[in-house]
Amino acid sequence: MDSNGEFYITTPIYYINDKPHIGHAYSTIVADTLARWREAQGERVIFSTGVDENAQKTVDAAKKSGEEIHAYVDRLADLWAGTWAKLGIGNTDFIRTTEERHLETVRDIWGRMEAAGDIYKGQYQGLYCRGHEAFMKEDELTPDGLCPDHKTKPELVTEENYFFRLSNYQQKLLDFYEAHGDFVAPAHRFNEVKAFVERGLEDISFSREKKEWGIPVPNDPSQVIYVWADALVNYVSVVGIEGWDEHPADIHVMAKDIVKFHAVIWPAMLMSAGLPLPGQVIATGFLTIDGTKMSKSLGNVVDPLDLAARYGADALRYFLLREVSFGDDGDFSEAKMRERYNADLANGLGNFAARVLTLAEKAEVKFGNLDGEFEEVIASTKRTVAEKLGVFRFSEALAAIWAALAFGDRFVNEKKVWEIKDEAARAKALFDLVSLLDNIAAMLAPFMPETSRTIAAAIRWDGDVLIAAKPEILFPRIK
Ligand code: ME8
């Protein structure tokens, strides 16, 4: 991955036919963690998220809620942006596809693809699933002809559309994949993408007959640009064509449902437009509830704000990153969340911090030479965290930090630090423990930003004298 001190990461732009659920929160937390991690390495980070407004389902949702469409999209865009703020997401940009900067970029890229000879007019007939906003192939449907995700019957649609010559790009894509062995992660998703492209690519419809909503095709207002040809461009709109040309996205984060759009259609569009390709497409699995995909259309959603209000945003972030192994599906259950909260946060991190800081508050701790074993634990934990984050193994990175915590806990218990009579020896032990805690707080910053700040603020040095202040209980036990 080329980086030159700058790092650009994105989440999908989400549909706004409803409020966010924890599936959306999960992708956004993953991206935020990587963004904070790179920032901590001293890189200048651009981290964008946003909303995909130009879809027919936006129109349907506005009608359903009885609101005028512009009022509806403004309200929902605020709701999504506000949700991320409450979950401790530090996005540097929030893109809406109704913004002028996006319309301009979409028109520009369309013009480039047209100039390259990759846009033409043709007849399209297909089975259109409204939930996906996409035409589906017969072999993707259930035996009784339903969309497997939305459990609805796709409509047979015939119309005159503009097409994108995706078929031109089969070999170019395969060559690109060959040269960029980590373009899609995890690897098994990359294999699926390659196999899909190897089977041959058909041209795809890039416009729809004009309905009341959407970006008009340049020079043909009877058509609007089909959602994906519009939505994918958002990543360029955020930084501008020149900005993208200089530094395209390093990482696009998403779940497995939209990998094909990002790893096949998007690079082909960029090649056609003469623009550089993104560094990596990384895909999480799906969060499920009782083994079924959670979705706005199915109505079995869990609200991240509700969980954050009851457990804290950092606890939700911790749970999702620790419990789900990257790339795999994860089943959400509140019982499991409560269990981890009490074990890892209340009894684990929270208890260790309180113990160390309470003892340190009462002692005269001086800055000194860190004990060799502590030094080694801290250094090796940092190495592991860096290594694991480099390959998106959030859960293993957190497990390593908890192992360092366990080391500290064992030390307190085995040495019975609170009973050490010799003041200097007790102060020395506490210096080691406070240093460990401080380093743990720093390592936690990308994952649990607020907790990290609270712990760090409780450890202040006045010259070489520690001013420890025990913070409020970090994670009150939950029954
Ligand atoms: O696809 N588990 O928007 P979308 C994990 N607008 N992640 C989930 C999830 C689940 N159950 N459900 C949703 C679109 N997600 C397009 C994207 S991008 C140019 C355009 C997350 O609102 C996950 O990131 O359907 C998934 O890829 C995305 O939401 C789909 O969001």
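To keep things clear, this report deals only with the structure shown in the data block.

Definitions and cut-offs
Residues numbered from 1 in each chain as written. Predicted model: local features only at pLDDT ≥ 70, side-chain atom pairs only at ≥ 80, totals over all residues. Heavy atoms only, no water. Phe/Tyr/Trp six-rings, centres within 6.5 Å; stacked < 30°, edge-to-face > 60°. Helix = DSSP H or I, 4+ residues; strand = E, 2+ residues; numbered from the N terminus. Buried < 20%, exposed > 50% of the residue type's maximum accessible area, 1.4 Å probe, protein only. Salt bridge = Lys/Arg side-chain N within 4 Å of Asp/Glu carboxyl O. Pairing = 2+ DSSP bridges. Contact = heavy atoms within 4.5 Å. Axes fitted to C-alpha atoms, helices over the stretch in contact; angles between N-to-C directions.

1. A short note on the packing of aromatic side chains
For the structure on display, the rule yields 28 aromatic pairs. Note on W80 and W84: the rings are 5.9 Å apart at their centroids and 70 degrees apart in plane angle, and the pair reads as edge-to-face. Here W80 pairs with W84, and both are found in helix α3 (residues 69–86), just four residues apart, close to one helical turn. Classification of W84 by relative accessible area gives buried; the value is 0%. Each ring, one from F319 and one from F332, has its centre 5.7 Å from the other, and the planes form 90 degrees; the classification is edge-to-face.

2. Overview of the pattern of salt bridges
If you walk through the whole model with that rule in mind, you get 26 salt bridges. Here E67 ties to R75 by a salt bridge, and the two come within 2.7 Å at their closest N and O atoms. We note a salt bridge from E334 to R310, for which the minimum N-O separation is 2.7 Å. Here the residue E334 occupies a position in helix α12 (residues 334–361), and R310 occupies one in helix α10 (residues 304–311), the gap between them amounting to 24 residues. Classification of E334 as partly exposed rests on a relative accessible area of 23%.

3. Some remarks on the sheet that holds strand β7 (residues 184–185)
Here six strands make up an open sheet; going across it, the order is β3-β2-β1-β12-β13-β7 and the pairing parallel. With partners counted over all chains shown, the strands left at the sheet margins are β3 (93–96) and β7, one partner each. Two elements, strand β1 (residues 6–15) and strand β12 (residues 251–255), share two bridges in a ladder whose sense is parallel. Within the sheet, the bridge partner assigned to I9 lies in β12 and is I251. Sheet contacts for helix α8 (residues 234–246): β1, β2 (44–52), β3 and β12; angle to β1, the most-contacted strand, approximately 145 degrees.

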